[in-house]
Amino acid sequence: MKEKLKNIAERLKTCGRKLEALWSKVRGPIGKLVSPLRYLNPKRYLKRLDRYIIGKFIGTYIYSIILIISISIVFDVNENLAKFSTYGAPLKAIVFDYYANFVPYFANLFSPLFVFIAVIFFTSKLAGNSEVIAMLAAGVSFKRLLRPYMVSAALIALVNFYLGSYVIPHGNVVRQDFEVKYKNKSKNLSATNVQLMVAPGTIAYLQQYDDRVKTGYGFSLDKFENKKLVSHMTASVIRYDSISDTRYHWKAQNYKIRTLKGLREEIQSGEVIDTLIQMEPMDLVYSKGQQETLTSPELLRYISKQEERGSGNVVPYEVEYHKRIATSFASFILTIIGVSLSSRKRKGGMGLYLGIGLALSFSYILLQTVSATFAINADTPALLAAWIPNILYAVIAYFCYRQAPN
């Protein structure tokens, strides 16, 4: 038994020596491969001071969202409880269809307000505890102090842009359908005398369209080549096939197709025909807030398609697209203003700065609304209208930064 144990021990020692020899051979190449990974370590770029401020910033930002949105939900429930009862809204739909989409929508909408409140709140507290004075006395410049704030603002801006461009629009569809059904909100569900260019040289016309059943009446489709009519199609009823695997799939009933070939004319008629027409129900009926239900790539495609058709009803969609980018960028501007205002220790605490922060945040959101209205009703370019608040507040941020302590 002892001899067996000795043999096992010797084998283990031999294996150990072989592993050490093998490691000595591969350690160099592995070290060269792994060494670039040290540049991916966040601690290499974010010092303890940075991590401290980022933690305070993000934590206060999330806390302010939870606090203010909770209050908003209480007021909203108090306002709409009677409507929910009147229209028989089930509890599951109230929680998951309405409030589960209400919270991210308004949190993203008022994100500039939450950013400003968070910066003012915890920076004033740092200044009140003389922590900012200690940082500056230790040789940290005000410019260096802004670095963790900008990192936090970048994280918030990226999250807001992703949610606003790709996630929240899908939730808005469910929320708006709930509001129409259980809050009796008006929604445009029909259109009359609709005429649009569905393709180059192809004009579609609908005498009446009902979006509830995705059905149009009095339909005609004219195709032109070299300004000459080559095809004319009519149908008493045309219905959109919403369960089809392909887009633009319509079914025409009681149709007639006249094909013109010089002096000759061919007529084809029948009861039902499946056809592809490059139009969708969204192209026929416009509802208030419809642009909020489209993701950013869908907005670009819709704007491009409508511009090709010569439609003038694209300004709200352009404003919405540019506003999503501008609102995300506002995190940087409002962060600079907030730090510049609240980093100096003064008598009276943070009440004054918090009031200024709220006033500036609400004025920013109000200016956003006003500029969007100018774009829609006064022919202001959508890009300029979306960025006017950022341009004005960037000037304020620069002035505040120049006046901040160095």
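Preceding this section is the structure that the text describes.
Residues numbered from 1 in each chain as written. Predicted model: local features only at pLDDT ≥ 70, side-chain atom pairs only at ≥ 80, totals over all residues. Heavy atoms only, no water.

> How should the overall build of the chain be read in this particular structure?
Looking only at helices and strands, one finds 11 helices and 6 strands in the chain. The buried share of the chain, taken over its 406 residues, is 38%. Long-range contacts, defined as pairs at least 24 residues apart, comprise 63% of the intrachain contacts of the chain with a sequence gap of at least 6. Accessible surface computed for the chain: about 23,900 Å², of which carbon and sulfur atoms make up 61%. (Helix = DSSP H or I, 4+ residues; strand = E, 2+ residues; numbered from the N terminus. Buried < 20%, exposed > 50% of the residue type's maximum accessible area, 1.4 Å probe, protein only. Contact = heavy atoms within 4.5 Å. Areas by Shrake-Rupley, 256 points an atom, 1.4 Å probe, with all protein chains shown as cover.)

> I'm lost on helix α6 (residues 142-182) in this one. Help?
Side chains three or four residues apart in an α-helix point the same way, a direct result of the helix having 3.6 residues per turn. With 41 residues, α6 extends only 53 Å from end C-alpha to end C-alpha; this falls clearly short of the ideal 60 Å at 1.5 Å per step. Of all the bends in α6, the largest measures some 50 degrees and sits at Ile168, one to four residues before the proline Pro169. Just downstream of α6, Asn184 is the residue with a positive phi angle, here 55 degrees. (Expected span 1.5 Å × (residues − 1). Bend = angle between axes of the 7 residues up to and from the residue.)

> Help me out: how do you make sense of the nonpolar core in this one?
Most often, soluble globular proteins keep nonpolar side chains buried together rather than apart. Counting residues in hydrophobic clusters, the biggest one holds 23 residues, and the most contacted among them are Phe57, Tyr61, Leu145 and Tyr149. Looking at this core, the elements with two or more residues in it are α2 (48-86), α4 (111-128), α5 (131-137) and α6. No other element matches α4, which puts 7 residues into this core. If sequence neighbours within four positions are ignored, Leu145 has contacts with Ile53, Val132, Met135 and Val140. (Core = buried A, V, L, I, M, F, W, Y, C linked by side-chain atoms within 4.5 Å.)

> How should I be thinking about the environment of Val174 in this particular structure?
Within the secondary structure, Val174 sits in helix α6. In this structure the C-alpha to C-alpha distance between Val174 and Thr293, which are 119 residues apart in sequence, comes to 9.1 Å. Apart from the residues within four sequence positions on either side, Val174 is in contact with Asp97 and Asn101.

> What is the right way to look at α4 in this model?
Taking 1.5 Å of rise per residue, the 18 residues of α4 would be expected to cover 26 Å, and the 25 Å separating its terminal C-alpha atoms lies within 8% of that figure. Across the 18 residues of α4, 15 count as buried, placing the element largely inside the fold. Count one or two residues on from α4 and you reach Ser130, which has phi positive near 65 degrees.

> For this particular structure, what's the right way to read unusual backbone geometry?
With the exception of glycine, the majority of residues adopt a negative phi angle, and the majority of peptide bonds are in the trans configuration. Positive phi, close to 50 degrees, is recorded for Asn193, a residue that is not glycine. Looking at where Asn193 falls in the secondary structure, it is placed in strand β1 (residues 190-199). The phi dihedral of Lys214 falls on the positive side, at around 50 degrees, and the residue is not glycine. Tracing the backbone shows Lys214 in the loop between β2 (202-210) and β3 (215-225). For Lys214, a relative accessible area of 27% translates into the label partly exposed.

> Quick question: what am I supposed to make of the sheet that holds strand β6 (residues 264-276) here?
The pairing of strands in a sheet happens through backbone hydrogen bonds and is either parallel or antiparallel. Across the sheet, which stays open at both edges, the 6 strands sit in the order β1-β2-β3-β4-β5-β6 with antiparallel pairing between neighbours. Either end of the sheet is taken by a strand with one partner, and the two such strands are β1 and β6. For this sheet, the mean inter-axis angle between neighbouring strands, taken without regard to orientation, is 15 degrees. Across 8 bridges, β1 lies against β2 in antiparallel orientation. The residue bridging Ala191 from the neighbouring strand is Tyr209, located in β2. (Pairing = 2+ DSSP bridges. Axes fitted to C-alpha atoms, helices over the stretch in contact; angles between N-to-C directions.)

> Help me understand the pattern of salt bridges in this model?
Between side chains of opposite charge, a pair can form as their charged atoms come close. Per the stated rule, a full pass over the model turns up 11 salt bridges. Two residues, Lys261 and Glu266, come together in a salt bridge whose shortest N-O distance is 3.7 Å. With relative accessibility at 47%, the residue Lys261 sits in the partly exposed group. For Glu266, a relative accessible area of 36% puts it in the partly exposed group. What emerges from the salt-bridge pattern is a single network uniting Arg247, Glu280 and Lys305. (Salt bridge = Lys/Arg side-chain N within 4 Å of Asp/Glu carboxyl O.)

> Before we go on, may I ask you to explain the packing of aromatic side chains in this structure?
Describing an aromatic ring pair means giving the distance of the ring centres and the angle of the ring planes. Enumeration over the complete set of coordinates arrives at 20 aromatic pairs. Ring plane angle 70 degrees and centroid distance 5.6 Å describe the contact between Phe84 and Phe178, whose orientation is recorded as edge-to-face. Here Phe84, found in helix α2, pairs with Phe178, found in helix α6; they are 94 residues apart in sequence, far enough to count as distant. Accessibility expressed as a relative area gives 4% for Phe84, which makes it buried. On the basis of relative accessibility, which here comes to 3%, the residue Phe178 falls in the buried class. Taken together, the ring pairs in this structure connect Phe84, Tyr98, Tyr99, Phe102, Tyr105, Phe106, Phe110, Phe178 and Tyr182 into an aromatic cluster. (Phe/Tyr/Trp six-rings, centres within 6.5 Å; stacked < 30°, edge-to-face > 60°.)

> Honestly, the packing of helix α9 (residues 315-342) against helix α11 (residues 382-403) in this entry has me stumped. Any pointers?
A packed helix pair is summarised by two numbers, namely the angle formed by the two axes and the spacing between the axes. Two elements in contact, α9 and α11, have axes separated by 9 Å at closest approach and are oriented at 5 degrees. The angle between α9 and α11 places the two elements in the roughly parallel class. Looking at the contact of α9 with α11 residue by residue, the classes come out as 20 nonpolar, 3 polar and 2 charged. (Parallel < 35°, antiparallel > 145°, perpendicular 65-115°, else oblique. Nonpolar A, V, L, I, M, F, W, Y, C, P; charged D, E, K, R; others polar.)

> For this particular structure, what's the right way to read a nonpolar patch on the surface?
Side chains of Tyr63, Leu67, Ile71 and Phe75 sit close together on the surface and give an oily, nonpolar patch of about 440 Å² of accessible area. Looking at where Tyr63 falls in the secondary structure, it is placed in helix α2. (Patch = residues over 30% accessible without salt bridge, like charges linked within 9 Å, V, L, I, M, F, W, Y side chains within 5 Å.)

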